[in-house]
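# Architecture and fold: a report
Next come the chains, spelled out residue by residue.
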Amino acid sequence: MDLNKIMNDLEKKHPGEVEYHQAVREVLESIEDAVNDNPQFETAGIIERLIEPDRVLTFKVQWVDDNGKVHVNLGYRVQFNNSIGPYKGGLRFHPSVNLSILKFLGFEQIFKNALTTLPMGGGKGGSDFNPKGKSDSEIMRFCQGFMLELWRLIGPDTDVPAGDIGVGGKEIGYMYGMYKKLARENTGVLTGKGLNWGGSLIRPEATGFGTVYFAKEMLATKGETFEGKTVSVSGFGNVAWGAALKVEEFGGKVVTLSGPDGYIHDPEGITGEKIEYMLELRASNQDIVAPYAEEFPEASFHAGKRPWEVKVDVALPCATQNELHEEDALKLVENGCMCVAEGANMPSTPEAVDVFQKNRVLFGPGKAVNAGGVATSGLEMTQNAMHLAWTREEVDAKLHHIMTSIHNACVANGAREDGTIDYVKGANVAGFLKVANSMLDLGIA
Ligand code: NDP
Ligand code: 2IT
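Now for a description of the structure that goes with this document. Quick caveat: nothing in here was measured; it's all calculated off a predicted structure.

Attention shifts here to helix 10 (residues 273-283). Turning to helix 10, its buried residues are K274, I275, Y277, M278 and L281. The buried residues of helix 10 occupy an angular sector of 145° when the element is viewed end-on, so they sit on one face. Residues of helix 10 that are exposed and point more than 90 degrees away from the buried face comprise E273, E280 and A283. On its buried face, helix 10 sits against helix 9 (238-249), strand 7 (253-259) and helix 11 (291-295). Positive phi shows up at N285, right after helix 10, with a value of about 65°.

Listed below in structure tokens is the structure:
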């Protein structure tokens, strides 16, 4: 495989789509041996076919605010690859959303979904709509306008969207209500639904729980557990909340959370009611974590800084892409951090990943670590198709089992000669081989 040529061609074809290029390069670098060992992939053009989405759908969303003013946003759905199942992946509502970000997320989703052991292809979508400061009725009207276009492109066996940044249970509800009206059917076309109308127990917690289940397996390879460990978490959204709950249950102590305004350091631990306070902060729609330090005076707020300067045993980046830089990685290593597990998608820059790998820090990439969210979405689809609902214990046991099997796949494909594990390679090779072999089986269609 001529990696440089493939990347040059891609960059020329899609200039400026830096996050997309970053995600593709990371995967291609680590699967090079697997591709070279399988000449049939080259003949079948697997790499060229895999790095370009099947289709990119863009649409206009128009909606009216509470003052009667009309706004226009862009809506997208990137249907990347459906070799192993229907397109599946979240919707992100954030002002930074553009095609590069959705293509990076959709590309990552292909391999993540392959790792879950469930039959799901990769996709992603969203809008540059900013939910911050909007009223509930404005959010509802935007979601309805968005679905008015999206509904024709999706279906329970075609493409199944879910949540991501800025899209939680409330937004899924408004979108599902509109879909149901337009399509005149109740199906599992979206996941992350409310419990009363087709949702699955554990889905809200699943990404965070899965992250900690995976990190637990990573620590176990060194004979370690979460008991007594200090843990830094970034973000204060859905993933950060679920991770904090599970770390506490496993006997660890979460000491940070963060937002775009800075980070909170709470040396006494973010536990119990303090974890629930994260949900209140989120619901306030204000985009800031600073109020935490007013509510709990033992905590300090560090404006404009990232949490990685705090000395911890384990770091869980759970906010957004490229939020952990080389200097942050060096600081974590210097402070003796032994494990970094990515709850967010691509939160560490390539330079930061290099620092972790060279220093043999246990490093788990997002597509393996945070796969519990989409895996539980897959379990929601299964329950919808069977018209029944599993108990909390059943779903949690399945999630736990899936995370352990993803860890096993990483170990099987990422073992280094010195006995340590390259989880980046392990996850990419395992996900890639499943998808590439399926593409071979299916012919050129
Ligand atoms: P939420 O919208 O619930 O939370 C995102 C969090 O990150 C918010 O607290 C947000 O603050 C914060 N944030 C955004 N930008 C920054 C920044 N520059 N610095 C610090 N914090 C920031 O989203 P999720 O928790 O669902 O998603 C978090 C990450 O996890 C994303 O990378 C997402 O793709 C990934 N993920 C989510 C899954 C899911 O099931 N929800 C599954 C797998 C991965 P604010 O909103 O105020 O900007
Ligand atoms: O990045 C992700 O895996 C998600 N946002 C969840 C996707 C899903 O379909 O549940």
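Phi is positive for I202, which is not a glycine, with a value near 80°. Structurally, I202 is set in the loop between helix 7 (169-183) and helix 8 (203-220). Non-glycine residue H387 carries a positive phi angle of around 55°. If you trace the backbone, H387 turns up in the loop between helix 15 (371-386) and helix 16 (392-414).

Moving on, we get to the packing of aromatic side chains. In total, this model carries 21 aromatic pairs according to the counting rule given. Ring geometry for F93 and F146: centres 5.2 Å apart, planes at 75°, overall edge-to-face. Taken together, the positions of F93 in strand 3 (residues 87-93) and F146 in helix 6 (residues 136-150) put the pair 53 residues apart, joining distant regions of the chain. Like F93, the residue F146 is buried in the burial classification. Consider the rings of F107 and F111, whose centres lie 5.0 Å apart with planes at 75°: the pair is edge-to-face. Placement of both F107 and F111 in helix 5 (residues 99-115) is noted, with a separation of four residues, approximately one turn of the helix.

One open sheet holds the seven strands; their spatial order is 9-8-7-6-10-11-12, and the pairing between them is mixed. Here the strands that pair on one side only, and so sit at the sheet edges, are strand 9 (300-303) and strand 12 (362-364). Strand-to-strand twist in this sheet, taken as the mean axis angle between neighbours without regard to direction, amounts to 15°. Summarising the sheet, strand 11 (residues 339-341) and strand 12 pair through three bridges and their orientation is parallel. Note that in strand 12 the partner of C339 across the bridge is L362. Taken strand by strand, helix 9 contacts strand 6 (230-233), strand 7 and strand 10 (314-316), and its axis lies near 170° from that of strand 7.

For the rest of this paragraph, the subject is the state of the cysteines. A covalent bond between the sulfur atoms of two cysteines is what we call a disulfide. Applying the stated criterion across every chain yields a total of zero disulfides. There is no disulfide at C339, and the cysteine sulfur nearest it, in C337, is 7.0 Å away. Here C339 falls in the buried class, since its relative accessible area comes to 0%.

The immediate surroundings of ligand 2 are formed by 14 residues, with K88, K112, D164, R203 and S377 found nearest. Protein burial of ligand 2: of its 300 Å² of free accessible surface, 94% is covered by the chains. Among the elements of the structure, strand 3, helix 5 and helix 15 are those that each provide at least two residues to the shell around ligand 2. Broken down by class, the residue content of the shell around ligand 2 amounts to two nonpolar, seven polar and five charged.

Below, the discussion takes up the layout of surface pockets. Space inside the second largest pocket adds up to approximately 490 Å³. Considering the residues around the second largest pocket, the lining is formed by 24 residues, among which E26, E29, P350, V353 and V424 are closest to the centre. If you list the elements that add at least two residues to the lining of the second largest pocket, you get helix 2 (18-36), helix 13 (350-358), helix 14 (366-369) and helix 17 (423-442). In terms of residue count, the dominant contributor to the lining of the second largest pocket is helix 2 (eight residues). Its residues placed into classes, the lining of the second largest pocket shows six nonpolar, six polar and twelve charged.

Before going further, it helps to spend a moment on helix 8. Its 18 residues give helix 8 an end-to-end C-alpha distance of 25 Å, which sits within 8% of 26 Å, the value for a rise of 1.5 Å per residue. At F209, helix 8 shows its strongest bend, of approximately 30°. Counting buried residues along helix 8, 15 of its 18 residues qualify, which places the element largely inside the surrounding structure.

What counts and how
- Residues numbered from 1 in each chain as written.
- Chains lettered and ligands numbered in written order.
- Predicted model: local features only at pLDDT ≥ 70, side-chain atom pairs only at ≥ 80, totals over all residues.
- Heavy atoms only, no water.
- Buried < 20%, exposed > 50% of the residue type's maximum accessible area, 1.4 Å probe, protein only.
- Helix = DSSP H or I, 4+ residues; strand = E, 2+ residues; numbered from the N terminus.
- Arc of directions from axis to C-beta.
- Contact = heavy atoms within 4.5 Å.
- Phe/Tyr/Trp six-rings, centres within 6.5 Å; stacked < 30°, edge-to-face > 60°.
- Pairing = 2+ DSSP bridges.
- Axes fitted to C-alpha atoms, helices over the stretch in contact; angles between N-to-C directions.
- Disulfide = S-S within 2.5 Å.
- Near = heavy atom within 4 Å.
- Areas by Shrake-Rupley, 256 points an atom, 1.4 Å probe, with all protein chains shown as cover.
- Nonpolar A, V, L, I, M, F, W, Y, C, P; charged D, E, K, R; others polar.
- 1 Å grid on protein atoms, 1.4 Å probe; cavity = no way out; pocket = protein on both sides within 12 Å on 5 of 7 lines; lining within 4 Å.
- Points joined across faces, edges and corners; volume = space filled by probe spheres on them.
- Expected span 1.5 Å × (residues − 1).
- Bend = angle between axes of the 7 residues up to and from the residue.

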